[in-house]
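Summary of the model geometry
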Amino acid sequence: LRGPSYEALEALRRDVVAPLLGQVPALLEEAYRGLLAKAERAIARRQAAEEDRVVALEDELRTVRNKLLDEIATTCHRDLELKPRLDALDELEKLLSTSAGF
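Owing to the predicted nature of the structure, the values given are computational and were not obtained by experimental measurement.

**With respect to the overall build of the chain**
From N to C terminus, the chain includes six helices and zero strands. Going from the N terminus to the C terminus, the chain shows its helices and strands as α-α-α-α-α-α. A compact globule built from 102 residues would reach a C-alpha radius of gyration of about 13 Å, whereas the chain, at 31 Å, exceeds it by more than 25%. A principal-axis box enclosing the C-alpha atoms of the chain has dimensions of 95 × 35 × 20 Å. Counting only residues that meet the buried cut, the chain has 1% of its 102 residues in that class.

**Notes on a nonpolar patch on the surface**
Side chains of Leu9, Leu12, Val16, Val17, Leu20, Leu21 and Val24 sit close together on the surface and give an oily, nonpolar patch of about 680 Å² of accessible area. By secondary structure assignment, the location of Val16 is in helix H1 (residues 6–21). On the basis of relative accessibility, which here comes to 39%, the residue Val16 falls in the partly exposed class.

**Re the pattern of salt bridges**
If you walk through the whole model with that rule in mind, you get six salt bridges. A cluster of three or more residues bridged by salt bridges with shared partners is formed by Asp90, Glu91 and Lys94.

**As for the environment of Ser99**
Along the chain, Ser99 falls in helix H6 (residues 83–100). Through-space distance from the C-alpha of Ser99 to that of Ala56 is 50 Å; in sequence the pair is 43 residues apart.

Scoring rules and cut-offs
Residues numbered from 1 in each chain as written. Predicted model: local features only at pLDDT ≥ 70, side-chain atom pairs only at ≥ 80, totals over all residues. Heavy atoms only, no water. Helix = DSSP H or I, 4+ residues; strand = E, 2+ residues; numbered from the N terminus. Rg over C-alpha atoms; globule rule 2.2 N^0.38 Å. Buried < 20%, exposed > 50% of the residue type's maximum accessible area, 1.4 Å probe, protein only. Patch = residues over 30% accessible without salt bridge, like charges linked within 9 Å, V, L, I, M, F, W, Y side chains within 5 Å. Areas by Shrake-Rupley, 256 points an atom, 1.4 Å probe, with all protein chains shown as cover. Salt bridge = Lys/Arg side-chain N within 4 Å of Asp/Glu carboxyl O.

By themselves, these figures tell us nothing about what the structure is for.
Structure representation (structure tokens):
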């Protein structure tokens, strides 16, 4: 399709760009669509980062060192090991609160 500026752009390509850069092969439709898809994914990611604080932290999270991640995992495992004790305390608290009502 030729728009109102087609002739001006064609003249620019023919008279300025081609003499400076030589004949550069045109971008094929398939390559164009591939670039467009990548751009759309990048734009969608940027929008998601603006809307979701967790997504916005993605780049920052990539900088967290493995040692720190291991320390976090160790702490989580320790917390999970306490679960049976905490559950028992919770049950005891329920028993005490129900028996105090009698």
